[in-house]
Amino acid sequence: MNTMPEENPRNDAAIESIIEGKKMEAYAEHRTKDMHQCSLCGNVGYRKRPMRPIGAKWICIDCLRSLKETLEGLDQWEAEIQLEKEMSKKIDDTLRV
Ligand SMILES: [Zn+2]
């Protein structure tokens, strides 16, 4: 078996700098994973502002909360819209007579 040749210190340094570069890349990627921008309010979220991906977009907990409230009130909202439509139709009919 051949013995390993004496390692060239210059190669060592090159390898070290490649490893450092990879570390930085991994770190940057790791940081980016923690950081998202809310598609609705534009706030940047870290771990302290929880965010969830909705499709390809990220939305923060604050916006999701108000979205939930809006959705919960959607039935009533739709009923109001429907009522308004009927009202204006009635008014139109009344004016036409
Ligand atoms: Zn938001």
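Sequence order as written defines the numbering, with residues in each chain counted from 1. Given that the model is predicted, a residue must reach a pLDDT of at least 70 before its local features are reported, and side-chain atom pairs must reach 80 or more before they are shown or counted; all residues, however, enter totals for whole chains, interfaces and linings.

Let's talk about the pairing of strand 4 (residues 57–60)
The criterion, for reference: In this analysis, strands are considered paired if DSSP registers two or more bridges between them. Secondary structure elements follow DSSP: runs of H or I no shorter than four residues count as helices, runs of E no shorter than two count as strands, and numbering proceeds from the N terminus.
Sheet analysis places strand 3 (residues 51–54) next to strand 4, joined by four bridges and oriented antiparallel. Within strand 4, the residue paired with M51 across the bridge is C60. Connecting strand 3 to the next strand, strand 4, in antiparallel fashion are two residues, including G55 with a positive phi near 65°.

Quick word on the confidence of the model for the chain
Rule in force here: On a scale of 0 to 100, pLDDT captures the predictor's confidence in every residue.
Averaged over the chain, the pLDDT score is 84; the fraction of residues at 70 or greater is 80%. Confidence, expressed as mean pLDDT per element, reaches its minimum in the chain at helix 1 (residues 9–34) with 78 and its maximum at helix 2 (residues 61–72) with 94.

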